[in-house]
Amino acid sequence: MKKLLLIILTIFLFQNLLQAEKRIDILSKQADRYYSQQQFEKAIEFYQMILEEQPQNAKIIEKLFNVHIRISQLDKAEEILLASEEFLSTELVAKLKITLYLRRGNITKARQTADELIQNNPQHMNYYPMLANLFEAFRHYEIAIDFLQAAREKSGNPFVYARELAFDFQNINDMENAVKEYLKLVDDQNRYSSYVINRLKQILRDDPKVIQIVEKYTQESEDQKVQEIYALALGEVGEYQKALLAYEELSPTMLLRFANRQYTYQNFQIALQAYQNYLEKPMPIFKKADIQIKIAQIYLKLKNYLAAEQVLQDIRNEEELQKRQNRYRTRANIQARKLLADIAIRTDEQPDLTERYLREAKSFTFNDMEKKMIDLDLVNFQILQKKMNNAKTKLQEILQNEEPGSDVYKRSFYYSYLIARFENDPILDSLLSECIINSADSPEINDVLMLENILNAMEADQDKLLDAFLQKKNYRVENAVKILEKLFADSGNENILFLAADWASSADLEQKALALLQYEYKDEVLMKSAELKLTEILDKESEKRSSDFLAAHPNSVFSPLFRRILEKQ
């Protein structure tokens, strides 16, 4: 019987204990929530409620102390510390004392307390970074560095705490040591490469001479990752030829990363040179073709259509690529022919050549959906050639048995809309709605909406606006802009002028776009849009380009809108 009572009592006590713990947990979470919401008085109230039940709860004591510190109630924080010191670990007491001293500006006392903790507990390596973090929080980076360097010396590991030291050295503007510590991160742990290059980019942007420190460290390291960081850093300070020479000593994969990086930066000439250097390395035929596509795309960006066509024809004529074992290991066969079709449009070659390239591309597709996507490209080309009946027939053929909701189905509404627009079909409004619903994120929809907005306000010359639209789609942007400028001069419709600026900007005709955007738009929405677009262009262009523009248009400086933009730069 006694045993049974003892068991019942134990269960009862255990249940009460669980309920108490659950209550404390709820109170603690509520207090933390108030703290995160900066309702500090409420947080204090709940922390005190917990301490009434658990006066030795070190975590809650620390949290209550920190709330008072946060709201500058330093005397109350000290009272809590003195009243609870006997319940707390040596480490926590030191930590709270140092925090209090630092908040009161007593750096000497804070440092003395920290040194005593280390002297009395030399075996505790974790005390060093904890103390460093405390002094960092109050921007005493030199003291934090002392503790981290002491920890490194004690550990015997020259790489330990490199990240923390790099941060502290950078904050006291000791760039030489900061860079060395960042590079140690790569030397010791390659996974930090991206982090380090991003940090170095910021440092080099402020002081390009730091590259000399990177070079010196690199000369003393045999790690290829460190060598790559140096080569990347050379690129960041514009020493591209030196960077390319450095990559000659590195793995091809690293050179390819550099080429891709420069392509992303739109530094096309250097990217082109890097890709061409990469092509000299041994590689499978299908990988070579992928790089050749990149090179052709760069030539297109640079409007060197002849060079682009030559590279693409090399891919097109490469028999090895067309063999079964290679043709499905790359999309270069498709891409090359689609780009050749695009060049044929740009250079105004025979229309049948564009169709021929697209039909060839179709024979290299991987599935039925890709075939239909190329068929839609054919529809697009037929619309550009004003062969509306052909385009309509082809579109109907594509959509036979097509699943509603598929990418092909969604994209088809855009072409259906274009056909309806040029034929003035009554179904036009419905198709426009479907376009917006199914392709809301497509850049083409922006053109469509602007086009419709203007057409609906025009009583005459709609055919001229549609002709400008076709010219733009056929890469004759300068012709299209001239038509729009004439239409604006005749109608005074500011939407037409803004559309001309938008098209000029999208075709990298910055000088023309800047000139059109300086017009004093009376419509407030257009005025704000023009201001935004001006800012984007000015941010993108170098100072030299802006200077060239001002030299070519000296009167433009008197434009109030342009002056406002310049003042923001």
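For the structure given in this document, a descriptive report is provided here. Just so it is clear, the model here is predicted, and its values are computed rather than measured. (Residues numbered from 1 in each chain as written. Predicted model: local features only at pLDDT ≥ 70, side-chain atom pairs only at ≥ 80, totals over all residues. Heavy atoms only, no water.)

### Here's the deal with the overall build of the protein chain
Consideration 1: Helices and strands together make up the secondary structure of the protein chain, namely 34 helices and 0 strands.
Consideration 2: At 34 Å, the protein chain has a C-alpha radius of gyration far larger than the 25 Å of a compact globule built from 569 residues.
Consideration 3: C-alpha extents for the protein chain along the principal axes are approximately 95 × 70 × 60 Å.
Consideration 4: Split into buried and exposed, the 569 residues of the protein chain put 46% on the buried side.
Consideration 5: Excluding contacts between residues fewer than 6 apart, the proportion of contacts in the protein chain whose partners are at least 24 apart in sequence is 54%. (Helix = DSSP H or I, 4+ residues; strand = E, 2+ residues; numbered from the N terminus. Rg over C-alpha atoms; globule rule 2.2 N^0.38 Å. Buried < 20%, exposed > 50% of the residue type's maximum accessible area, 1.4 Å probe, protein only. Contact = heavy atoms within 4.5 Å.)

### Quick word on the side chain of lysine 201
Consideration 1: Mapped onto the fold, lysine 201 is located in helix 11 (residues 193–206).
Consideration 2: Of the side chains bearing the opposite charge, glutamate 236 lies closest to the buried lysine 201, which forms no salt bridge; the N-O distance is 4.8 Å.
Consideration 3: The residues contacting lysine 201, other than those within four sequence positions of it, are Glu236, Arg261 and Tyr265. (Lys, Arg positive; Asp, Glu negative; His and termini not counted. Salt bridge = Lys/Arg side-chain N within 4 Å of Asp/Glu carboxyl O.)

### Looking at the packing of aromatic side chains
Consideration 1: Inspection of the entire model under this criterion finds 13 aromatic pairs.
Consideration 2: Each ring, one from tyrosine 414 and one from tyrosine 415, has its centre 5.2 Å from the other, and the planes form 70°; the classification is edge-to-face.
Consideration 3: Taking relative accessible area as the criterion, tyrosine 414 reaches 3% and is therefore assigned buried.
Consideration 4: Measuring from ring centre to ring centre gives 5.4 Å for phenylalanine 488 and tyrosine 519, while their planes differ by 80°; the resulting arrangement is edge-to-face. Highlighted residues: phenylalanine 488 in helix 29 (residues 477–491) and tyrosine 519 in the loop between helix 31 (510–517) and helix 32 (524–540), separated in sequence by 31 residues. (Phe/Tyr/Trp six-rings, centres within 6.5 Å; stacked < 30°, edge-to-face > 60°.)

### Some remarks on the packing of helix 2 (residues 40–53) against helix 3 (residues 58–70)
Consideration 1: Relative to each other, helix 2 and helix 3 sit at 155°, their axes nearing to 10 Å. By the criterion of interaxial angle, the relationship of helix 2 to helix 3 is roughly antiparallel. For helix 2 against helix 3, the interelement crossing comes out left-handed. Residue-level inspection shows Phe40, Ile44, Tyr47, Gln48, Ile50 and Leu51 of helix 2 in contact with helix 3, the latter providing Ile60, Ile61, Lys63, Leu64, Val67, His68 and Arg70. (Axes fitted to C-alpha atoms, helices over the stretch in contact; angles between N-to-C directions. Parallel < 35°, antiparallel > 145°, perpendicular 65-115°, else oblique. Left-handed = near helix turned anticlockwise from the far one by under 90°.)

Geometric values such as these leave the question of function open.
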